[in-house]
Amino acid sequence: MKLSVKRPETTVEFCLDGELFSRYEELNADLTEARKRSLADNRLNSEPAIIAKKLVEVAEQMRAESATFTLRGMPRKDWAKLIAENPPREGNQADKDYGANAEAIMAAAIPACIVSVKKDGETVEFDPATDWDALAEEMTDAQYDAFVIKTQSVNRGRQEVPFSQAAYKLTADSEQM
């Protein structure tokens with residue numbers, strides 16, 4: 001028997017419309033306040049339901065305006081080469097802690113890890129080598145960090161055989177019935 005390795009993959013959901021995120025946060029705060037008021041006075045109990053419905057609508061709009069990026073871990077030798085080629089910057093504590101120039105590594109690793117992009121379930125034409133830099137340039141730090149975290153995880157995170165106690169219990173219970 002010959003063994004073969006499929007490198008791990010993960011996804012990043014990236015909402016292309018940042019204004020929807022802002023609207024979602026506003027509605028979420030409104031819902032929290034409306035729930036507090038309805039606890040104090042039951043006559044106002046329809047307000048939370050109205051806001052919750054709007055919140056769900058905005059979440060659906062966000063999903064519709066999102067693209068799913070699939071990232072695949074790099075071969076170990078490629079990752080090691082990136083680390084070796086990008087030593088820590090002088091006087092940069094974050095780089096010293098990371099053991100390399102993290103900014104430079106991620107600038108190269110993220111597009112190297114992107115294997116596909118989908119929107120509305122359909123594959124989007126996206127060439128990471130030519131399209132990533134322009135997209136990343138328009139992102140906020142928080143949006144970019146989602147890619148950094150997932151790229152770090154797929155390349156350096158622990159890859160164990162998972163065990164879901166909840167799933168095991170549900171399947172074990174259903175098999176006994």
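In case you missed it, the structure is sitting above this.
Every chain begins its residue count from 1, and numbering advances along the sequence as written. Residue-level local features of this predicted model are given only where pLDDT is at least 70; pairs of side-chain atoms are given and counted only at 80 or more, and the full residue set underlies all totals for whole chains, interfaces and linings. Note that the side-chain values use all heavy atoms of the structure and ignore hydrogens as well as water.

**Q** Looking at this structure, how should I read the layout of surface pockets?
**A** Empty space left among the atoms is revealed by rolling a probe the size of a water molecule over them. Buriedness of a pocket was judged along seven lines, with at least five required to meet protein on both sides within 12 Å; pockets are open sets of points on a 1 Å grid over the protein atoms alone, cavities are sets where a 1.4 Å probe fits but cannot get out, and lining residues have an atom within 4 Å of a point. Grid points are joined across faces, edges and corners, and a volume is the space filled by probe spheres set on the points. What the largest pocket holds in volume is close to 310 Å³. If you trace the largest pocket, you find 14 residues lining it, with F14, C15, F21, A142 and Q143 closest to the centre. Sorting the residues of the lining of the largest pocket by element identifies β1 (9-15), α1 (18-40) and α7 (141-156) as the ones contributing at least two each. Following the grouping adopted for this structure description, the nonpolar residues are Ala, Val, Leu, Ile, Met, Phe, Trp, Tyr, Cys and Pro, the charged ones are Asp, Glu, Lys and Arg, and the polar ones are all others, Gly among them. Across the lining of the largest pocket, the residue classes tally to eight nonpolar, four polar and two charged. By the criteria applied, helices consist of DSSP H or I runs no shorter than four residues and strands consist of E runs no shorter than two, each listed in order from the N terminus.

**Q** Explain the sheet that holds strand β4 (residues 122-123) here, please?
**A** The strands making up a sheet associate through backbone hydrogen bonding, with each pair oriented either parallel or antiparallel. On the basis of which strands lie adjacent, the open sheet formed by four strands has the order β1-β2-β3-β4 and antiparallel pairing. For this open sheet the edge positions go to β1 and β4, each flanked by a neighbour on one side alone. The contact rule is simple, with two residues in contact once any of their heavy atoms fall within 4.5 Å. The axes used here are C-alpha line fits, helices contributing only the stretch in contact, and every angle between their N-to-C directions lies in the interval 0 to 180 degrees. This element, α7, spans β1 and β2 (66-72) of the sheet and lies at about 175° to β1. By definition, two strands form a pair when at least two bridges between them are found by DSSP.

**Q** Even after reading the chapter, I still don't get helix α2 (residues 46-64), so can you show me in this structure?
**A** The α-helix advances 3.6 residues per turn, and as a result positions three or four apart in sequence lie on the same side. A helix's residues, less one, multiplied by 1.5 Å, set its expected span. Helix length check: α2 (19 residues) gives 28 Å between terminal C-alpha atoms against 27 Å at 1.5 Å per residue, within 8%. Only protein chains enter the accessibility calculation, which uses a 1.4 Å probe; a residue whose area is less than 20% of its type maximum is buried, one above 50% is exposed, and one in between is partly exposed. For α2, every residue scored as buried is listed here: P48, I51, L55, V58, A59 and M62. The arc that holds the buried residues of α2, viewed along the axis, is 105°, so those residues lie on one side. More than 90 degrees from the buried face of α2, the exposed residues found are A49 and K53. In this description, the arc belongs to the directions extending from the helix axis to the C-beta atoms.

This is a description of form; function is not addressed.
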